[in-house]
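# Residue-level structural notes
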Amino acid sequence: MRFRHPDGTTVHLAYCTNVHPAETLDGVLAQLRDHCEPVRRRLGRDRLGIGLWLAKDAAHALDTDPAALRGLRAALDRRGLEVVTLNGFPYEGFGAEQVKYRVYRPDWADPERLEHTTALARVLTGLLPDDLTEGSVSTLPLGWRTTWTDARADAAHAALLTLAERLDALADLTGRSVRVGLEPEPGCIVETTGDVLAPLTAVGHPRIGVCVDTCHLATSFEDPHTALDALAAARVPVVKSQLSAALHAEHPRLPAVREALAAFDEPRFLHQTRTVGDTGRLHGTDDLGQALTGDALPDTSPWRAHFHVPLHAAPAAPLTSTLPVLKDALTRLVGGPHPLTRHLEVETYTWQALPPALRPRGRAQLADGIAAELALARDLLTDLGLKELP
C-alpha cells in the first residue's frame, strides 16, 4: 500500500510474511497464493506491499538463479503484490517448534550473516517495482549479549563496513539503492535505539541505519519522541519501521494478572520481559516464564513483554497492548513536515503463538486478522494527513 505524504514523499506500508514462514522458494511462492493475495483481496486493493522474509535456502536460490528471481517477480506482479523491503533478521528455522535463542544465529561476527545479507540486497534489487529505486532490509542488532566479546565486536564492525562497500557497488551496478537497518531488540548487544548510536556512528555510512520496531521500543520503555529525536540528531537514518505492539500488564503483582500473562508464556519464541524499578532502572528477564517465577522482576510497576500482539485486537483485561506507543512513534515518524522513514511494515508474526482461544482457525481467519491490522495502520496514516494512493 502506498501513501503520499504532504511533502510529496511516497510512504510504503506492507506486512511481513514471517507470519507464515517458508524455508524454500517453493514455499515462498505458495505463501503468495495462499496468504498474501487473499489479504490483498480482503482489503479491496489492486496492489499490496509485502515485507518478504526469505530464509537462507530461498535467498540462495534466488541469488544464484536469475530465472528463479524472474519467476518470483512475475508471481508478485501476477498476484498484485510488490516488495520494497525484506526482513533479514531470521536466518532460517523461524517456523520451527522452538525458535527462542536460535533466531540470533548467525550474528554479525559470523561471515554467514554478511553473505546472507548481501544476497538479500542483490535479490531485492531484482524484486523492486519498476518505478522504484530504493529498498530496505532489516537485520539483527549485531548479536545476543551473552555471547559477545571484544573480538566479535571488531568482527561485526568490519562486516558492516564491508556490507556498506557492497551496497555502494550494488547501487552503481543496478541503479537501485538498498539500505540495511539494525533492529534494536531487548537482550541483544543493541537493545535500545540509544545503543545503536555508537556502532552506526562508527560505521558512518548512509546505507547502514536502524529499523525501529515499535514493540521492541515499548518493551524497553523507550519514549518514542525522545528516541527518534536522538537518532535524527545523530544523523542515523531510520531505514524502516516495523509497526508492532507489545504485551502490557499494568499491575503484575495481582494473581489474576499473573494468570493472564502465563497464557502467553509459550515455547516457540523468546518473550523478553521488562519493567522500570523504583529508581528508574530497567530490569528484565530473557523470557516471560522467568519473569513469572518467584521474584525475578520487581512487580510494583508495569511489565511489558516482547510478544507481538495483533494491532487491532488488544488482549482482554487485565492485560492490554502498547498500541499507544506505536501511535506516538508513527506520529513522529511520518506525522511531521517530512517523514523520517519511507518504509513501514506490520510485523505480527505470533498469530499462531497466541493463547489457543485467540489463534486463527485456518487460513481465512488469519487473512482476516492481517487485513484488519493493515486497515488499522492505514487509518492511522490517513489520520496523520497521508493520502492513500491507488
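Here the structure is shown first, and the text comes after it.
Criteria and thresholds
Residues numbered from 1 in each chain as written. Predicted model: local features only at pLDDT ≥ 70, side-chain atom pairs only at ≥ 80, totals over all residues. Heavy atoms only, no water. Phe/Tyr/Trp six-rings, centres within 6.5 Å; stacked < 30°, edge-to-face > 60°. Helix = DSSP H or I, 4+ residues; strand = E, 2+ residues; numbered from the N terminus. Buried < 20%, exposed > 50% of the residue type's maximum accessible area, 1.4 Å probe, protein only. Lys NZ or Arg CZ within 6 Å of the ring centre and 35° of its normal. Right-handed = clockwise from strand over helix to strand, strands pointing away. Contact = heavy atoms within 4.5 Å.

Before going further, it helps to spend a moment on the packing of aromatic side chains. Counted under the stated rule, the structure contains 8 aromatic pairs. Ring centres 5.9 Å apart and planes at 55° place the aromatic pair tryptophan 53 and phenylalanine 94 in the tilted group. With a gap of 41 residues between them, tryptophan 53 in strand 3 (residues 48–53) and phenylalanine 94 in the loop between strand 4 (81–87) and helix 4 (111–127) connect regions that are remote in the sequence. The two residues tryptophan 53 and phenylalanine 94 agree in class, both being buried. Each ring, one from phenylalanine 264 and one from phenylalanine 307, has its centre 5.1 Å from the other, and the planes form 90°; the classification is edge-to-face. You can see phenylalanine 264 sitting in the loop between helix 9 (255–262) and strand 10 (273–276) and its partner phenylalanine 307 sitting in strand 12 (residues 303–309), a full 43 residues away along the chain. For phenylalanine 264, a relative accessible area of 5% translates into the label buried. Joined through ring pairs, the aromatic side chains of Trp53, Phe94, Phe269 and Tyr349 make up one cluster. The cationic tip of arginine 304 hangs over the ring face of phenylalanine 221; the distance from NZ or CZ to the ring centre is 4.4 Å.

Here the focus is the pairing of strand 5 (residues 134–139). With 5 of its 6 residues buried, strand 5 lies for the most part within the structure. Handedness of the crossover joining strand 4 and strand 5 through helix 4: right-handed.

Bringing the side chain of histidine 35 into the picture now. Checked against the element boundaries, histidine 35 lands in helix 1 (residues 25–43). Apart from the residues within four sequence positions on either side, histidine 35 is in contact with Tyr15, His20, Ala30, Arg363 and Leu366.

In this chain, arginine 105 is followed by proline 106 through a cis amide linkage whose omega measures -10°. Position of proline 106 relative to the elements: it lies in the loop between strand 4 and helix 4. The phi angle at leucine 142 is positive, at roughly 70°, despite the residue not being glycine. Note on placement: leucine 142 falls in the loop between strand 5 and helix 5 (150–174). The phi angle at arginine 235 is positive, at roughly 60°, despite the residue not being glycine. Residue placement: arginine 235 occurs in the loop between helix 8 (224–233) and strand 8 (238–243).

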